[in-house]
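# Geometric and topological summary
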Amino acid sequence: MSKIIFQNSKNFQNNFLKILKKREHSDQAIDNTVEKIIDSVKKGSEKSLLELTRKYDKNPAIKFKDLIVSKKEIKRAKSLISHDVIKALKKAAFRIKNYHAKQLPKDFYYTDSQGVKLGSRWSAIDSVGLYVPGGSASYPSSVIMNAVPAIVAGVERIVMVCPAMGGKINPVVLAVAEILKIEEIYKIGGAQAIAALAFGTESIKKVNKIFGPGNAYVASAKKKVFGDVGIDMIAGPSEILVVADKTNDPSHIAIDLLSQAEHDENAQAILITDSEKFAKKVLKHVESELKTLKRRNIAEKSWKNFGCVIVMKNINDSHTLVNEIAPEHLEISVQKPSKLLKKIKNAGAIFLGKFSPEAIGDYIAGPNHVLPTDKTAKFSSGLNVLDFMKRTSLVECSKESINKIGPDAITLANEEGLGAHARSIYKRLNKN
């Protein structure tokens, strides 16, 4: 992909469409494997789960009991973590909890003009499963982001599953669990963990909804169990779009772009600016910053294959491209970000101004970092408290009010040919 594309060029539309193309494709071989794994867990339950865990997670577990994380193990893990990390985790959890507490919905109940009492009541989902990736993609921050809204919503049972390579889970992940008081944890990962959460085993009671990121096998499994349980979303590769004018420090913008490129080879980082000179400075800094990254190989492939810079004549018109890209993360780093913000409709999370890098939202700002990817911000939102709740409508008719609205309901029921519906209402009417 060309690193700089100009909006006023003849082939801009073709180049722009290439940017929008899906970066990750479904794999039939993966889907077939996942189907077999799910079927195996459903039929063989814990015996199969143990065999699959030994095979795919390289976990030496001999008995199913070896897959259960004990309270002692959780406490010991916390003792291995530095004071500074524990302090940072607690502060992050505190801020994120405060933000999500403001999302709690309110019940309502009222009597309308015809005397019918109507309302809506919110309640927490009884049980949820949180999938936590293991290995090199083990992110304690994701545990906080998935667990805190569940806790705020009032979910009674939170089950955590995490692959344990060599039988061990990242101690920081377990430290977060201890801070958040999550005690039901299993050392299982992949499609087999999703199957265990969705269908249950002799020891693991099934959950109602599954949350959390994972690899292609986890994503495929979540798709297949949807309907038997709820799922949060099918997240694609990470992405960032930065809208920045020439008043910015190009090194800041460069590292912001790479902050997402280092996640995944399929991640995408895009800069929209109104200055070719500034664009070239950013590109130069990207190259120098890449040399300093531990995850250079990943970031380099992401940037080479999917990164780009778009140069516009007028940056105030960038909202048209932003809304079409519908990015997971959007940074607006211009002199008057609020002016451009008014025109933005499609974005998972928006960061305003020069001192609001996307990375601050990944850890401690407050909003959730689990966000819609691959243009799904056009119709969906980031993870929030409502994802862990359900709304039930309430209807209460009196003898008087059903006589006022019932006859029209009977008319509609008869129009649809549903006689029992009509008679159900008719039998309650005052027929004098």
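For every chain, the first residue of the written sequence is number 1, and numbering continues from 1 onward in sequence order. Totals for whole chains, interfaces and linings use all residues, but because this is a predicted model, local features are given only for residues with pLDDT of at least 70 and pairs of side-chain atoms are given and counted only at 80 or more. Excluded from the side-chain calculations are hydrogens and water; all other atoms, namely the structure's heavy atoms, are used.

Counting from the N terminus, the helices are DSSP H or I runs at least four residues long and the strands are E runs at least two residues long. Assigned secondary structure in the protein consists of 16 helices and 14 strands. For the protein, the spread of C-alpha atoms along the three principal axes comes to 85 × 60 × 45 Å. For the protein, the residues scored as buried account for 49% of the 432 residues in total. Contact between two residues is taken to exist if any of their heavy atoms lie within 4.5 Å; hydrogens are not considered. Restricting the contact set of the protein to residue pairs at least 6 apart, pairs at least 24 apart contribute 74%. Only the protein chains shown count as covering a residue, and every accessible area follows the Shrake-Rupley method with a 1.4 Å probe. Here the protein displays about 22500 Å² of accessible surface, and carbon together with sulfur accounts for 52% of that area. For the purpose of counting charges, residues Lys and Arg are taken to be positive, whereas Asp and Glu are taken to be negative. His and the chain ends are not included. For this purpose, a charge sits on NZ of Lys, CZ of Arg, CG of Asp or CD of Glu. In the protein, 67 positive and 46 negative side-chain charges are present, and the distance between their average locations comes to 2 Å. A 1.4 Å probe rolled over the protein chains alone gives each residue an accessible area, and that area as a share of the maximum for its type sets the label: buried under 20%, exposed over 50%, partly exposed in between.

It is worth spelling out the packing of helix α15 (residues 399–415) against helix α16 (residues 419–426) at this point. Interaxial angles span 0 to 180 degrees and are taken between N-to-C directions of axes, which are lines fitted to C-alpha atoms, for helices over the stretch in contact. Contact geometry of α15 with α16 gives a least axis separation of 8 Å together with a crossing angle of 165 degrees. Relative to α16, α15 is oriented roughly antiparallel. The two elements α15 and α16 meet at a crossing, and its hand is left-handed. Seen from α15, the contacting residues are G406, A409, I410, A413 and N414; seen from α16, they are H421, A422, I425 and Y426. The classification used treats Ala, Val, Leu, Ile, Met, Phe, Trp, Tyr, Cys and Pro as nonpolar, Asp, Glu, Lys and Arg as charged, and all other residues, Gly among them, as polar. Within the contact of α15 with α16, the residues separate by chemical class into 6 nonpolar, 3 polar and no charged. If an angle is under 35 degrees, it is roughly parallel; if it is over 145, roughly antiparallel; if it lies from 65 to 115, roughly perpendicular; otherwise it is oblique. Left-handed describes a crossing whose near helix is turned anticlockwise from the far helix by less than a right angle; the clockwise case is right-handed.

Glancing now at the packing of helix α5 (residues 140–153) against helix α6 (residues 171–179). In the contact formed by α5 and α6, the axes pass within 8 Å of each other and the chain directions differ by 25 degrees. Of the possible angle classes, the one that applies to α5 and α6 is roughly parallel. Seen from above, α5 lies across α6 with right-handed handedness. Here P140, V143 and I144 of α5 come into contact with α6, specifically with V172, V173 and V176.

Along the polypeptide, I204 turns up in the loop between α7 (190–199) and β7 (209–211). A C-alpha to C-alpha distance of 36 Å links I204 and A359, two positions 155 residues apart in sequence. Residues within four places of I204 in sequence aside, it is in contact with E46, L49, F64, R157, Y186, I188 and A196.

Next up on the list: the sheet that holds strand β12 (residues 329–333). DSSP calls a pair of strands paired once it identifies at least 2 bridges connecting them. Sheet architecture is open: 6 strands sit in the order β1-β11-β10-β9-β12-β13, paired in parallel fashion. The open sheet terminates on both sides in strands that have one partner only, identified here as β1 (4–6) and β13 (349–352). Taken pair by pair, the neighbouring strands of this sheet meet at an average axis angle of 20 degrees, ignoring direction. Packing of helix α1 (residues 12–20) onto the sheet brings it into contact with β1, β10 (268–273) and β11 (308–311), and relative to β1 it is tilted by some 135 degrees.

Moving on: α7. Within α7, 9 of the 10 residues are buried, which leaves it mostly tucked inside the rest of the structure. Of all the positions in α7, only G190, A191, Q192, A193, I194, A195, A196, L197 and A198 are classed as buried.

Below, the discussion takes up the nonpolar core. Residues belong to a common nonpolar core when they are buried Ala, Val, Leu, Ile, Met, Phe, Trp, Tyr or Cys residues joined through side-chain atoms within 4.5 Å. Counting residues in hydrophobic clusters, the biggest one holds 46 residues, and the most contacted among them are V128, I182 and I185. Sorting the residues of this core by element identifies α3 (71–79), α4 (83–101), β3 (117–124), β4 (127–131), α5, β5 (157–161) and α6 as the ones contributing at least two each. With 8 residues, α5 is the single largest residue contributor to this core. The contacts of I182, once residues within four sequence positions are left out, are I74, L130, A147, I158, M160 and A177. Formed by 30 residues, the second largest nonpolar core is a distinct cluster that contains V34, I38, Y131 and I204.

Now for the environment of N146. By the element assignment, N146 lies in helix α5. For N146, a relative accessible area of 2% corresponds to the buried category. Residues N146 and A347, 201 residues apart in the sequence, show an inter-C-alpha distance of 20 Å. Discounting chain neighbours no more than four positions away, the residues touching N146 are L130, F211, G212, P213, D232, V370, L383 and F388.

Cavities and pockets are found on a 1 Å grid laid over the protein atoms alone: a cavity is a set of points where a 1.4 Å probe fits but cannot escape, a pocket is an open set with protein on both sides within 12 Å along at least five of seven lines, and a lining residue has an atom within 4 Å of such a point. Grid points are joined across faces, edges and corners, and a volume is the space filled by probe spheres set on the points. Of the pockets and cavities examined, the second largest pocket occupies roughly 240 Å³. Every residue lining the second largest pocket is counted, 19 residues in all, and those nearest its centre are Y99, A349, P367, N368 and L371. Sorting elements by how many residues they give to the lining of the second largest pocket places helix α14 (residues 358–363) first, with 4 residues. Looking at side-chain class alone, the lining of the second largest pocket contains 9 nonpolar, 8 polar and 2 charged residues.

Pairing in this open sheet of 5 strands is parallel, and the strands run β6-β5-β4-β7-β8 from one edge to the other. The open sheet has two free edges, formed respectively by β6 (184–186) and β8 (230–231), since each of these has just one partner strand. As defined by bridge partners, β7 adjoins β8 across 2 bridges and the pair is classed as parallel. Residue I210 lies in a different strand from β8, and its bridge partner there is I231.

It is worth spelling out empty space enclosed by the protein at this point. For the structure on display, the rule yields 1 cavity of 30 Å³ or more. Reported here for the largest cavity is a volume of approximately 110 Å³. Lining the largest cavity are 13 residues, and of these I19, R23, E239, Q268 and I325 lie nearest its centre. Elements supplying a minimum of two residues to the lining of the largest cavity: α1, β9 (239–244) and β10. Looking at the lining of the largest cavity, the element that brings in the most residues is β10, giving 3 residues. Each residue belonging to the lining of the largest cavity can be placed in one class, and the counts come to 7 nonpolar, 1 polar and 5 charged.

What follows concerns the packing of aromatic side chains. Aromatic pairs are defined between Phe, Tyr and Trp rings, using the six-membered ring for Trp, whenever the two ring centres lie within 6.5 Å; interplanar angles under 30 degrees are classed as stacked, those over 60 as edge-to-face, and all others as tilted. This model, assessed by the stated rule, comprises 4 aromatic pairs. A centroid spacing of 6.4 Å and a plane angle of 40 degrees characterise the contact between F64 and Y186, whose relative ring orientation is tilted. Of the two residues, F64 sits in the loop between α2 (28–56) and α3 while Y186 sits in strand β6, which places them 122 residues apart along the sequence. Here F64 matches Y186 in class, with each residue buried. Placement of a charge over a ring requires the Lys NZ or Arg CZ to be within 6 Å of the ring centre, with the centre-to-atom vector within 35 degrees of the ring normal. Positioned over the ring face of W303 is K3, at 5.0 Å from the centre of the ring.

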